[in-house]
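Single-letter residue listing:
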Amino acid sequence: MTDFDYCIIGGGVIGLACAYELSHHGSVLLLEQNNRFGAETSSRNSEVIHAGLYYAPGSLKERLCIEGKQRLYRFCEAFDVPHKAIGKLIVAPESGQEQLTQLLRKGRNLGIPLQSLNQQQLQDMEPQVRGYAALYSPTTGIIDSHSYMERLAQQAEQRGALLLKHSRVVSASERDNGWQIEVCSMDGVSTIRCAALVNAAGLQAQKMAHALGVKESRIPKLYLCRGHYFSYQSKNPFRHLIYPLPEKNLAGLGIHATLDLGNQLRFGPDTEYLSDDTPDYRVDPALAPAFARAIQRYFPGLKEQHLQPDYAGIRPKLHTKHETAADFDIQRPDNRAPAVHLFGIESPGLTASLAIGTFVTEMLQK
């Protein structure tokens, strides 16, 4: 006997998307240890709907981002989630023309709409931006991630899912081809049984996998990488998202200019690998000069005094700063009670979230 068909550990955007998808197929319990959903990685990002251009060919990131983008736009329209396809410019200096050409060729092979712009066309589109050439991605957009998570939760609950905050998994063990979970909540410790389990614990996914008995060799090493954001305390000069060329190993997409739905401009994130596994969300004002230098390469009119420390996010990376960006790692261990573990779900996790939810559902139903 089980209390639920599926139990999801973690109430960020990925856990909520899994709850939404799984609620079509059975009873769902979601456990979130914080006092709100998406309190960690999911609420501390650029809130960009990515086109799917940057990722390794054939990777989960590429496949799930491209699929997820279309589904995310449809979900936003269906459930009144604030969003806007405002488009993105990827700006290159003269030395970056070859890299820009490679991105254009790759995007066209994937069916991603792109327009190549020369210097004059770039100036016509964004007069304050300096660059030798650019790519315009019209399907890139922005989203209110908080509203999106609220709608995912609402839709899952309408299908009978039970979503609990302040609920921390103390232990879990296999029992009768399913799972027995000890949960600590505001009401004390309780025991819950479920047929299948989803580890969507984000920054805690590796620790949770250890607690669930996954073999050490199957658990990828976690590298916490902080990204800082600065808000722009002056009139926003842009109508589109502005990105420099991505870093060579795709460890980051560069300090870019992103807008929210209120037309507030902010810049970030950078990439700072942390030396320990304790998340620290402070933004050091001393980073402003480095941010200003990076931004002035494509926005020479920026004045450093207009940068104000805003917020920081932590990405659960699976590679060091000297390695090529790792793919999502989504696995279902063999010969065990049904479980799926999600490791390294960083960008484009928000864009790919609905596609990830379906991917997890299919893995559990095999």
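Residues numbered from 1 in each chain as written. Predicted model: local features only at pLDDT ≥ 70, side-chain atom pairs only at ≥ 80, totals over all residues. Heavy atoms only, no water.

Scanning the protein chain for helices and strands turns up 8 helices and 20 strands. In terms of overall dimensions, the protein chain has a C-alpha envelope of 70 × 40 × 40 Å along the principal axes. Surface summary for the protein chain: the accessible area is close to 16,000 Å², and the carbon and sulfur share equals 46%. Treating the 38 positive side-chain charges of the protein chain as one cloud and the 38 negative ones as another, the clouds have centres 4 Å apart. (Helix = DSSP H or I, 4+ residues; strand = E, 2+ residues; numbered from the N terminus. Areas by Shrake-Rupley, 256 points an atom, 1.4 Å probe, with all protein chains shown as cover. Lys, Arg positive; Asp, Glu negative; His and termini not counted. Charge placed at Lys NZ, Arg CZ, Asp CG, Glu CD.)

Glancing now at the pairing of strand β13 (residues 223–232). Across the 10 residues of β13, 9 count as buried, placing the element largely inside the fold. Across 10 bridges, β13 lies against strand β18 (residues 307–317) in antiparallel orientation. Note that in β18 the partner of H228 across the bridge is A312. Here 2 bridges tie β13 to strand β17 (residues 272–273), and the two strands are oriented antiparallel to one another. Bridge pairing links R226 to E272 in β17. (Buried < 20%, exposed > 50% of the residue type's maximum accessible area, 1.4 Å probe, protein only. Pairing = 2+ DSSP bridges.)

Enumeration over the complete set of coordinates arrives at 10 aromatic pairs. Relative to Y55, the ring of Y54 lies with its centre 6.4 Å away and its plane at 80 degrees, an arrangement referred to as edge-to-face. The residues Y54 and Y55 share a single accessibility class, namely buried. For the pair F230 and F291, a centre-to-centre distance of 4.7 Å together with 50 degrees between the ring planes defines the contact as tilted. Of this pair, F230 sits in strand β13 while F291 sits in helix α7 (residues 288–296), and the two are 61 residues apart along the sequence. As far as the burial class goes, F230 and F291 line up, both buried. An aromatic cluster is built from Y20, F75, F79 and Y148, whose rings are joined through pairwise contacts. Across the ring face of Y243, the terminal group of K88 is positioned such that the distance to the ring centre comes to 4.3 Å. Stacked on the ring of F37, the Lys or Arg K165 has its end atom at 4.8 Å from the ring centre. (Phe/Tyr/Trp six-rings, centres within 6.5 Å; stacked < 30°, edge-to-face > 60°. Lys NZ or Arg CZ within 6 Å of the ring centre and 35° of its normal.)

Another aspect to go through is the sheet that holds strand β4 (residues 83–84). A sheet is described by the order of its strands in space; here 3 strands give the open sequence β3-β8-β4, paired in antiparallel fashion. Where the open sheet ends on each side, the last strands, each with one partner, are β3 (48–49) and β4.

Two elements in contact, helix α2 (residues 60–78) and helix α8 (residues 349–365), have axes whose closest approach is 6 Å; the angle formed by their N-to-C orientations is 100 degrees. By the angle between their axes, α2 is roughly perpendicular relative to α8. Facing L60, R63, L64, C65, E67, G68, K69, R71, L72 and F75 of α2, the residues of α8 in contact are L350, T351, A352, L354, A355, I356, T358 and F359. (Axes fitted to C-alpha atoms, helices over the stretch in contact; angles between N-to-C directions. Parallel < 35°, antiparallel > 145°, perpendicular 65-115°, else oblique. Contact = heavy atoms within 4.5 Å.)

Our focus in this paragraph is the nonpolar core. In terms of nonpolar packing, the biggest core is built from 48 residues, with L89, F267 and I295 touching the most fellow members. In terms of residue count, the dominant contributor to this core is α7 (5 residues). One finds L22, L30, F37 and V198 within the second-largest nonpolar core, a separate group that totals 46 residues. (Core = buried A, V, L, I, M, F, W, Y, C linked by side-chain atoms within 4.5 Å.)

Looking now at the side chain of Q206. Take Q206: it is sitting in helix α6 (residues 205–211). Among the residues examined, Q206 registers a relative accessible area of 7% and is labelled buried. A polar contact is formed between the side chain of Q206 and the backbone oxygen of P220, at a distance of 3.1 Å. Aside from chain neighbours lying at most four places away, what touches Q206 is I219, P220, K221, L222, L318 and F343. (Polar contact = N/O pair within 3.5 Å; in protein donor to acceptor, adjacent residues only side chain to side chain.)

As enumerated under the stated definition, the model contains 0 disulfides in all. C7 carries a free sulfur, and the closest cysteine sulfur to it, the one in C194, is 4.7 Å from it. A relative accessible area of 0% means that C7 is categorised as buried. With no disulfide of its own, C65 has C76 as its nearest cysteine by sulfur position, at a separation of 14 Å. C65 sits in the buried class, given a relative accessible area of 0%. (Disulfide = S-S within 2.5 Å.)

Attention now goes to the pattern of salt bridges. Considering all chains together, one arrives at 12 salt bridges under this definition. Residue E62 pairs with K106 through a salt bridge whose shortest N-O separation is 3.6 Å. Of this pair, E62 sits in helix α2 while K106 sits in helix α3 (residues 97–109); the two residues are 44 residues apart in sequence, bridging distant segments of the chain. Of the residues examined, E62 reaches a relative accessible area of 8% and is grouped as buried. With a shortest N-O distance of 3.8 Å, R71 and E67 are connected by a salt bridge. Residue R71 and its partner E67 are located together in helix α2, separated by 4 residues, close to a single helical turn. Salt bridges sharing partners connect three or more residues here, namely R226, E272, D280 and R282. (Salt bridge = Lys/Arg side-chain N within 4 Å of Asp/Glu carboxyl O.)

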